[in-house]
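Below, each chain spelled out in residue letters.
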Amino acid sequence: MQKITPFLWFDDQAEEAAGHYTSLFEDSRVVHVQRYGEAGPGEAGTVMTVTFELAGQQFIALNGGPQFTFNEAMSLYVDCTSQEEVDELWTKLSAGGQEGPCGWLKDRYGVSWQIIPRRLTDLLSDPDPARADRVMQAMLGMTKIDVQTLEEAAGEG
């Protein structure tokens, strides 16, 4: 078991969310489903926690009830190697959710994600501050990140 594991509190959709997430990323799987016993606090036999892995990273999802909800103060950052990966994940994760600015979205469960192409990080790290600033300005006007537009802003297109 890894030393630090993100723990996600859902109302009652932990198993559904884990199944959805594991279908989107390679090297992903549901590891274990734990159910509430007679002692509660949930109804005996219902899902309490789901341990799952996304791209080899372990997470735990809890069906804890509606007391707490997700917000953008915590997000899952996905390092995408291509525009195709950005497009695919953006479409699948934002379905039923909400698109946000600068590569951020909320999925249908309320979890915030950053779907970021590695090329953005490279361009923002350009040693020419004017190029990096143009890329930043272009990115600030986007919802889903578009690599071609970033490269054009950098003067590469």
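Residues numbered from 1 in each chain as written. Predicted model: local features only at pLDDT ≥ 70, side-chain atom pairs only at ≥ 80, totals over all residues. Heavy atoms only, no water.

Caption draft 1: Local environment of the pairing of strand S3 (residues 47-54). Counting buried residues along S3, seven of its eight residues qualify, which places the element largely inside the surrounding structure. By the bridge criterion, six bridges tie strand S2 (residues 29-35) to S3 in an arrangement that is antiparallel. Counted as the bridge partner of His32 is Thr51 from S3. Both S3 and strand S4 (residues 57-63) contribute to a ladder of six bridges, which runs antiparallel. Across the sheet, Glu53 pairs through a bridge with Gln58, a residue of S4. In this antiparallel pair of consecutive strands, S3 and S4, the connection spans two residues, and Ala55 shows a positive phi of 50 degrees. (Buried < 20%, exposed > 50% of the residue type's maximum accessible area, 1.4 Å probe, protein only. Helix = DSSP H or I, 4+ residues; strand = E, 2+ residues; numbered from the N terminus. Pairing = 2+ DSSP bridges.)

Caption draft 2: Focus on the sheet that holds strand S6 (residues 98-99). If you trace the four strands from one edge of the open sheet to the other, you get S5-S8-S7-S6, paired in mixed fashion. The open sheet has two edge strands, strand S5 (75-80) and S6, and neither has a second partner. Two strands pair when backbone bridges link them, and S5 and strand S8 (residues 112-117) are joined in this way by six bridges, in the parallel orientation. Looking across to S8, one finds that Val78 is bridged to Ile115. Contacts from helix H2 (residues 83-94) reach S5, S6, strand S7 (104-106) and S8 within the one sheet, and its direction differs from that of S8 by about 165 degrees. (Contact = heavy atoms within 4.5 Å. Axes fitted to C-alpha atoms, helices over the stretch in contact; angles between N-to-C directions.)

Caption draft 3: Representation of helix H5 (residues 147-154) in the model. Within H5, burial applies to Val147, Leu150, Ala153 and Ala154. Along H5, the residues classed as buried sweep out an arc of 120 degrees about the axis, all on the same side. Contacts made by the buried residues of H5 are with H2, S8, helix H3 (118-124) and helix H4 (129-140). Taken from the residues just after H5, Gly155 is the one with a positive phi, measuring 90 degrees. (Arc of directions from axis to C-beta.)

Caption draft 4: The arrangement of helix H1 (residues 14-24) in detail. Three or more residues of H1 are buried, namely Ala14, Ala17, Ala18, His20, Tyr21, Thr22 and Leu24. Where H1 is buried, its residues contact strand S1 (7-10), S2, S3, S4, H2 and S8.

Caption draft 5: Here's a closer look at the nonpolar core. Counting residues in hydrophobic clusters, the biggest one holds 26 residues, and the most contacted among them are Phe10, Tyr21, Phe52, Leu89, Leu93, Trp113 and Ile115. If you list the elements that add at least two residues to this core, you get S1, H1, S3, S4, S5, H2 and S8. Here the element with the most residues in this core is H1; it accounts for five residues. (Core = buried A, V, L, I, M, F, W, Y, C linked by side-chain atoms within 4.5 Å.)

So far we have only geometry, and geometry alone does not tell us how the molecule works.
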